[in-house]
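Listed here are the chains, written in short residue letters.
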Amino acid sequence: MNFPTWMSAIQQRTESALEAALPSSGLAPARLHEAMRYAVLGGGKRVRPLLCHAAGSIFGADSAVLDAPAVAVELIHAYSLVHDDLPCMDNDVLRRGKPTCHVEFDEATALLVGDALQTQAFQTLSNRLSGIAAARQLDMLHLLATASGSRGMAGGQAIDLAAVGQQLTIGELEYMHIHKTGALIRAAVLLGAHCGEAMPDALEHLGRFANRIGLLFQVVDDILDAEASTATLGKTAGKDAAQNKPTYVNILGASEAKAMASKLQQDAHDALALFGEPAVRLHELTDFIVERNF
Ligand code: GRG
């Protein structure tokens, strides 16, 4: 199967699994459920579920089992986008090519959508997973909670908010993004591996790979924010500069930021060398992260 066909198959099965995990909009409280579905379904590249399935496939994990962590990570990601778009944070009106959740519904609903998506993620990941020992599943829950919380994504967001208008060094910027964007990407990869027969040294190598692509994702995001149009991105372009946020592009300049992306891309490929042919999807996803235009 070629990469575009594989990617589309995983995106479709993720869409179905998300659809099944979310409460129906006919169920009370209907407006909250409708808003949760609005925020999650029918949009997004599903990069984190793709990474989860790709990592799991190296270790022979069953796709039906991988759906649970793939959905859980995507729900956390969707919650983070809803909260990030709120007026008290990035105050954005466009996400995934449509009005943001608080614009389409209202602020209080959007706040609750984020809260409910976050807890739905843990509910989904704590369902019985066929063939996964309870202790391993507990490790997976711990991993996702750590990646999402104050020592992971939420902590990175706090650093991001405090950095507006500040001069950061490249090291400080990297620290922020390892938490804000990288932690959840790393969790997606490691959760996939946990669904298969991954040994501790394999997890360590995968962790190294995941750290590289987490940063790579962000460097490319900064370049796209500076160079792509709002129509292509499906979200407001040029926001980083408008909000006076430190980015790889405004610290390094566009051409050095691109050189950094190329270096991270190569490092990510190198970190997969140990896994040989079974890591082909992770290699392809690494290139997709660089070549994407939204
Ligand atoms: C509110 C706790 C909390 C955290 C928010 C991730 C995040 C932290 C905010 C998102 C802001 C942002 C634009 C970060 C840059 C990287 C990023 C996560 C981009 C969006 O992810 P994609 O490109 O989005 O995977 P899609 O829509 O394709 O799922």
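Residues numbered from 1 in each chain as written. Predicted model: local features only at pLDDT ≥ 70, side-chain atom pairs only at ≥ 80, totals over all residues. Heavy atoms only, no water.

Observations regarding unusual backbone geometry
So, point 1. For the bond from Ala28 to Pro29, the omega torsion is -5 degrees, close enough to zero to count as cis.
So, point 2. Within the secondary structure layout, Pro29 lies in the loop between helix H1 (3-21) and helix H2 (30-40).
So, point 3. Within the chain, Asn91 stands out as a residue other than glycine whose phi angle is a positive 55 degrees.
So, point 4. On the basis of relative accessibility, which here comes to 46%, the residue Asn91 falls in the partly exposed class.
So, point 5. Of note, the phi angle at Asn244 is positive, near 60 degrees, even though the residue is not glycine.
So, point 6. The topology assignment puts Asn244 in the loop between helix H12 (239-242) and helix H13 (248-252). (Helix = DSSP H or I, 4+ residues; strand = E, 2+ residues; numbered from the N terminus. Buried < 20%, exposed > 50% of the residue type's maximum accessible area, 1.4 Å probe, protein only.)

Observations regarding the pattern of salt bridges
So, point 1. Evaluated as defined, the whole model comprises 18 salt bridges.
So, point 2. With a closest N to O distance of 2.8 Å, Glu15 and Arg46 form a salt bridge. Here the residue Glu15 occupies a position in helix H1, and Arg46 occupies one in the loop between H2 and helix H3 (47-58), the gap between them amounting to 31 residues.
So, point 3. You can call Glu15 partly exposed: its relative accessible area is 25%.
So, point 4. The closest approach of N and O atoms between Asp160 and Lys180, which form a salt bridge, is 3.0 Å. (Salt bridge = Lys/Arg side-chain N within 4 Å of Asp/Glu carboxyl O.)

Things to note about the site of the ligand
So, point 1. Residues in contact with the ligand amount to 19 residues; listed here are only the nearest, Lys45, Arg48, His77, Asp84 and Arg96.
So, point 2. Here Lys45 contributes a side-chain N or O atom positioned 2.6 Å from an oxygen atom of the ligand.
So, point 3. Here the ligand loses 92% of its free accessible area of 700 Å² to cover by the protein chains.
So, point 4. The element that contributes the greatest number of residues to the shell around the ligand is helix H4 (residues 63-84), accounting for six residues.
So, point 5. Residue classes in the shell around the ligand are distributed as four nonpolar, seven polar and eight charged. (Near = heavy atom within 4 Å. Polar contact = N/O pair within 3.5 Å; in protein donor to acceptor, adjacent residues only side chain to side chain. Areas by Shrake-Rupley, 256 points an atom, 1.4 Å probe, with all protein chains shown as cover. Nonpolar A, V, L, I, M, F, W, Y, C, P; charged D, E, K, R; others polar.)

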